[in-house]
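A structural walkthrough
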Amino acid sequence: MEFGAHAFVWVGDWAPASARKAVAGAAAAGLDFLEIPLLRPEEFSAEETRRMLSDHGIGATFSLGLPAEAALPERPREAEDFLLRALDQVAATGSDRLTGVVYGSLGLLPGRPPTETDYETVAAVLRRVAAAAGDRGIRLGIEPVNRYETFLVNTTAQGLALLDRIGAANSFLHLDTYHMNIEEESFGQPIREAGDRLGYIHLSESHRGTPGSGTVDWDNTFRALAAIDYQGALVLESFVALHPDIARATCMWRDVVGNPATLVRDGLAFLHEKAAAAGLLR
Ligand code: MN
């Protein structure tokens, strides 16, 4: 079982000093990997990041949302170019996973329901991107997020339907307890429904603060993960620092964490304890 954390637990950008802080923080917390937001692939230095990760002996996964100028379903050609550039950076850093809202642009809400054509457009792009990812030894994740952040994929069922449309063996579902708390009827059933197609989970509290301090049903979450014999990544996602684009899209304007040091210490201890109690960490 791999345990990781999103870089926003430490920093809101990937300038060299921020990157060092996040990598050092994740390593000091004993994590297996750091999830790096790849919002500007053209500004990202894979070589430097690869060296930092190797110096600290930890791995990395990558996540992103499409920028407005490369949004799906509106701009399929630009989106594909953007995702292919992102894959190059993921590969150059030596990582094997790119996930998140790869199917849309956070906060872009057209005020209408999604159509068949929207999903076909998205799937056609992601089918080619998944093939390119496969050539680079990378797996592609789809993260459903709540209705206030996207109109395309809000639930596990919609995420699985999109995976069916893409039809790529190297794609997987990425759930997030924060979004599940808003959109799903329960925490356990969607995880069971996803089964072995679930490859990644953001363990995020109902207000994005320290796990254990909100209303997420952690016992049911971990029981369901144990029931499906979950082998994927467990990822602490809380927002201490945010990239301005993500702050705007997620409306994170309040400090929901307090002391960042206690977030990492108490949050990870809490998640470990819950995972162990459910029999997930064998
Ligand atoms: Mn998430």
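This write-up is about the structure you can find in this document. (Residues numbered from 1 in each chain as written. Predicted model: local features only at pLDDT ≥ 70, side-chain atom pairs only at ≥ 80, totals over all residues. Heavy atoms only, no water.)

1. Points about the coordination of the manganese ion
Here the manganese ion is held by the protein donor atoms E143 (OE), D176 (OD), H202 (ND1) and E237 (OE), which lie 2.0 to 2.4 Å from it. Here the donor residues for the manganese ion map to a single chain with the spacing E-x32-D-x25-H-x34-E. Remark: E237 occurs in the loop between β8 (233–236) and α9 (244–250) and E143 occurs in the loop between β5 (139–142) and α5 (156–166); sequence separation between them is 94 residues. With respect to class, E143 is no different from E237; both count as buried. (Donors = N, O, S within 2.8 Å, 3.2 Å for Na, K, Ca; no water. Helix = DSSP H or I, 4+ residues; strand = E, 2+ residues; numbered from the N terminus. Buried < 20%, exposed > 50% of the residue type's maximum accessible area, 1.4 Å probe, protein only.)

2. Some thoughts on the sheet that holds strand β3 (residues 59–65)
The 8 strands are arranged β1-β2-β3-β4-β5-β6-β7-β8 in a closed barrel whose pairing can be described as parallel. Neighbouring strand axes in the sheet, compared pairwise and without regard to direction, differ in orientation by 30° on average. Sheet topology places strand β1 (residues 2–6) next to β8; 4 bridges connect them, and they run parallel. Along β8, the bridge assignment pairs E2 with A233. (Pairing = 2+ DSSP bridges. Axes fitted to C-alpha atoms, helices over the stretch in contact; angles between N-to-C directions.)

3. Considering the nonpolar core
For soluble globular proteins, the rule of thumb is that nonpolar side chains tend to be buried together. W10, L34, L98, Y103 and L126 are the most contacted members of the largest nonpolar core, which has 89 residues in total. Membership of the second largest hydrophobic core comes to 5 residues, among which are F33, F172, Y200 and V235. (Core = buried A, V, L, I, M, F, W, Y, C linked by side-chain atoms within 4.5 Å.)

4. Thoughts on the packing of aromatic side chains
The full count for this structure, using the stated rule, is 6 aromatic pairs. Seen in terms of ring centroids, W218 and F270 are 6.1 Å apart; in terms of plane orientation they differ by 80°. Their pairing is edge-to-face. Here F270 lies in helix α10 (residues 260–277) and W218 lies in helix α8 (residues 218–227), a separation of 52 residues in the sequence. Pair check on accessibility: W218 and F270 agree, each one buried. Put simply, the rings of F33, F172 and Y200 touch in pairs and so form one group of aromatic residues. For R97, the ring lying beneath its charged end belongs to F33, and the centroid distance is 5.8 Å. Seen from the ring of Y178, R208 lies directly overhead, with NZ or CZ sitting 4.0 Å from the centre. (Phe/Tyr/Trp six-rings, centres within 6.5 Å; stacked < 30°, edge-to-face > 60°. Lys NZ or Arg CZ within 6 Å of the ring centre and 35° of its normal.)

5. Points about helix α2 (residues 46–56)
The set of residues buried in α2 consists of A46, T49, M52 and L53. Buried residues in α2, looked at end-on, bunch into an arc of 130°, giving them a common side. Seen from the open side of α2, the exposed residues pointing more than 90 degrees away from its buried face are E47, S54 and D55. Those residues of α2 that are buried lie in contact with α1 (16–28), β2 (33–37), β3 and α3 (76–93). Looking at the residues trailing α2, positive phi occurs at G57, about 65°. (Arc of directions from axis to C-beta. Contact = heavy atoms within 4.5 Å.)

6. Side note on the pattern of salt bridges
On inspection of all chains with the given rule, the structure shows 16 salt bridges. Residue R40 is joined to D245 by a salt bridge in which the shortest nitrogen-to-oxygen separation is 2.9 Å. Of the two residues, R40 sits in the loop between β2 and α2 while D245 sits in helix α9, which places them 205 residues apart along the sequence. Between R197 and D164 there is a salt bridge whose closest N-O contact spans 2.8 Å. Placement of the pair is R197 in the loop between α7 (188–194) and β7 (198–203) and D164 in helix α5, with a sequence separation of 33 residues. Here the salt bridges do not stand alone but share partners, grouping E2, D96 and R97 into one network. (Salt bridge = Lys/Arg side-chain N within 4 Å of Asp/Glu carboxyl O.)

7. A look at the pairing of β7
If a strand is regular, its side chains alternate between the two faces of the sheet. Of all 6 residues making up β7, 6 are buried, and the element is well covered by its neighbours. Here 4 bridges tie strand β6 (residues 171–176) to β7, and the two strands are oriented parallel to one another. The partner of H174 across the bridge, within β7, is Y200. In this sheet, β8 lies alongside β7 in parallel orientation, the contact comprising 4 bridges. Across the sheet, H202 pairs through a bridge with V235, a residue of β8.

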